[in-house]
Amino acid sequence: MHLIVIKLIKKMIQADVYAKLKNHTALTQFREHIRAYNSMFAFASLDVHEDFLPPGIYCFRVSGTVYHRIGHIQPNSDNDRPKFAQLYIYNTEHEIQNRLFWHRSRNTDILTTIATIMATVSLFVELYKHAAAAIEDAGDQGKDIRMVLRADSSKDPREEGWVPNIKFNRKRTGQVSPSLFYAYRLMERDSFNVILYGGRLLQQYCVDQYAKVEEQRLQYIRFNQQSLRAELYQGLVDAVYRGDAHGATVGTKIVLPSSFTGGPRNMLQLYQDAMSIVRRYGKPDLFLTVTCNPCWPEITNELHSQQTAADRPDLVARVFKMKLGALMEEIIKKNFWQSLSIWEGH
């Protein structure tokens, strides 16, 4: 659904919708509540536990598993209100009023504009409109109608998002991983990249795709336990964290290797590395932390019109990574402290 909304934004820019709303509070509301407008026109719900942070710079943060759920074509009963994909089929003459039931404070003019453009941009809207007509013509027998979505094999799958078995276009062999695919999508180039104009929706897009990347890594670990166990069941890590030492444990364990960031073995390995350095060289003299300043000129100079640093997490992360690398180069390679004997950085 994110890509549909991204195409929608592009269509709005091409149709000069932003220019029409430039001096209107509707533009500000659309940018501030873009995630709500996305939810109002989404075909599937986003089921996730969102961590709400104290007031400050906006940050979309979640914990737990990310789900995208799509329900029945129509509400289960007459008393249920239509939502998500059902809104494209149920009582389409009052579509805007049905959407406002879930977000009463949203702007009607914006909803009308989005609904009009969605009808011309999204093939899914056209498909659901045909399903609505078929259900109406079938009468009581419409309850048995099923809608089957099939991908068009003639189209390039990379246009819609990452799918398995995407090959590299050039001499590089192998398949494109989700992390490489979405890193490519988020890079700014000479051509217009509409994803970077999503504002707060861009943060949701990044979190959603990272959840996909992490899920693929976990799937690899799950189905390759035999090749990973030889390393995992020996050494100091398992001596400290011996979760599989007792036979009373029921079920099959899925062991996370130390290379999985945030896993128990990863945390223990970092701790053991730090303690080994202290044991060998003594206590550290300096403990440096580096934080990111959203007002750095390297960030502000690259923002587009009416954007803030919170609208471009990709840019902020990239600039911070470069500055951190420059600092480490000053310390390690250029001998900022000539008496530096050893360092540990994470």
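Below: a short report on this structure. (Residues numbered from 1 in each chain as written. Predicted model: local features only at pLDDT ≥ 70, side-chain atom pairs only at ≥ 80, totals over all residues. Heavy atoms only, no water.)

A look at the overall build of the protein chain
The secondary structure content of the protein chain amounts to 14 helices and 2 strands. In the protein chain, buried positions account for 30% of the 346 residues. Pairs at least 24 apart in sequence give 57% of the contacts found in the protein chain among residues at least 6 apart. Summed over its atoms, the accessible surface of the protein chain is roughly 23400 Å², and 53% of this surface lies on carbon and sulfur atoms. (Helix = DSSP H or I, 4+ residues; strand = E, 2+ residues; numbered from the N terminus. Buried < 20%, exposed > 50% of the residue type's maximum accessible area, 1.4 Å probe, protein only. Contact = heavy atoms within 4.5 Å. Areas by Shrake-Rupley, 256 points an atom, 1.4 Å probe, with all protein chains shown as cover.)

Overview of the pattern of salt bridges
Applying the stated criterion across every chain yields a total of 7 salt bridges. Here Arg31 makes a salt bridge to Asp311, at a shortest N to O gap of 3.7 Å. Here Asp311 lies in the loop between α13 (297-300) and α14 (313-332) and Arg31 lies in helix α3 (residues 25-32), a separation of 280 residues in the sequence. Residue Arg31 is classed as partly exposed on the basis of its relative accessible area, which comes to 26%. Residue Asp311 is classed as buried on the basis of its relative accessible area of 10%. Among the charged side chains, a network of salt bridges with common partners joins Glu188, Arg312 and Asp314. (Salt bridge = Lys/Arg side-chain N within 4 Å of Asp/Glu carboxyl O.)

What to know about the environment of Glu298
Tracing the backbone through its elements, the reader meets Glu298 in helix α13. A residue is classified by how much of its surface remains accessible, and Glu298, at 38% relative accessible area, is partly exposed. Considering only alpha carbons, one finds Glu298 and Phe320, 22 residues apart in sequence, at a separation of 9.6 Å. Not counting chain neighbours up to four residues away, the residues in contact with Glu298 comprise Leu315, Val319 and Lys323. Within the local environment of Glu298, its side chain forms a polar contact with the side chain of Lys323, the two groups lying 3.4 Å apart. (Polar contact = N/O pair within 3.5 Å; in protein donor to acceptor, adjacent residues only side chain to side chain.)

A closer look at the environment of Arg146
In this fold, Arg146 is placed in the loop between α7 (123-138) and α8 (178-186). On the basis of relative accessibility, which here comes to 77%, the residue Arg146 falls in the exposed class. Counting along the chain gives 15 residues from Arg146 to Ala131, while the straight-line C-alpha distance between them is 8.8 Å.

Here we look at a nonpolar patch on the surface
On the surface, Leu286, Leu288, Phe336 and Trp337 cluster together into a nonpolar patch covering about 430 Å² of accessible area. Residue placement: Leu288 occurs in the loop between α12 (264-281) and α13. (Patch = residues over 30% accessible without salt bridge, like charges linked within 9 Å, V, L, I, M, F, W, Y side chains within 5 Å.)

Let's talk about the packing of aromatic side chains
Summed over the entire model, instances satisfying the criterion amount to 3 aromatic pairs. Judged by centre distance (5.7 Å) and plane angle (40°), the rings of Phe30 and Tyr37 are tilted. Judged by its relative accessible area of 6%, Phe30 is buried. Residue class for Tyr37 comes out buried when judged on its relative accessible area of 2%. Relative to Tyr205, the ring of Tyr182 has its centre 6.1 Å away and its plane inclined at 75°; by these criteria the two rings are edge-to-face. Here Tyr205 lies in helix α9 (residues 200-223) and Tyr182 lies in helix α8, a separation of 23 residues in the sequence. Tyr182 gets classed as buried once you look at its relative accessible area, which sits at 6%. Joined through ring pairs, the aromatic side chains of Phe181, Tyr182 and Tyr205 make up one cluster. (Phe/Tyr/Trp six-rings, centres within 6.5 Å; stacked < 30°, edge-to-face > 60°.)

Considering α14
Structural remark: α-helix, 3.6 residues per turn; residues separated by three or four positions point the same way. Here α14 contains 20 residues, and its C-alpha end-to-end distance of 28 Å stays within 8% of the 28 Å for a straight helix at 1.5 Å per residue. Three or more residues of α14 are buried, namely Asp314, Leu315, Val316, Val319 and Ile331. Of the surrounding secondary structure, the elements contacted by the buried residues of α14 are α8, α9 and α13. (Expected span 1.5 Å × (residues − 1).)

As for the packing of helix α4 (residues 34-41) against helix α6 (residues 108-121)
Where α4 meets α6, the axes come as close as 11 Å, and the angle between the chain directions of the two elements is 50°. For the element pair α4 / α6, the angle class is oblique. Along this stretch, α4 crosses α6, giving a crossing that reads as right-handed. Seen from α4, the contacting residues are Tyr37, Met40 and Phe41; seen from α6, they are Ile110, Leu111, Ile114, Ala115 and Met118. Class assignment for the residues of the contact of α4 with α6 results in 8 nonpolar, no polar and no charged. (Axes fitted to C-alpha atoms, helices over the stretch in contact; angles between N-to-C directions. Parallel < 35°, antiparallel > 145°, perpendicular 65-115°, else oblique. Left-handed = near helix turned anticlockwise from the far one by under 90°. Nonpolar A, V, L, I, M, F, W, Y, C, P; charged D, E, K, R; others polar.)

A look at unusual backbone geometry
Located in the positive-phi region is Gln306, a residue other than glycine, with phi close to 65°. Inspection of the secondary structure puts Gln306 in the loop between α13 and α14.

A closer look at the packing of α8 against α9
For any two helices packed against each other, one specifies the inter-axial angle together with the distance between the axes. Where α8 contacts α9, the two axes come as close as 9 Å, and the packing angle between them is 160°. In terms of axis orientation, α8 runs roughly antiparallel to α9. Regarding α8 and α9, the two cross each other, and that crossing is left-handed. Every residue of α9 that contacts α8 at Pro178, Ser179, Tyr182, Arg185 and Leu186 is listed here: Leu202, Tyr205, Cys206, Gln209, Lys212, Val213, Gln216 and Arg217. Here the residues of the contact of α8 with α9 are counted per class, giving 7 nonpolar, 3 polar and 3 charged.

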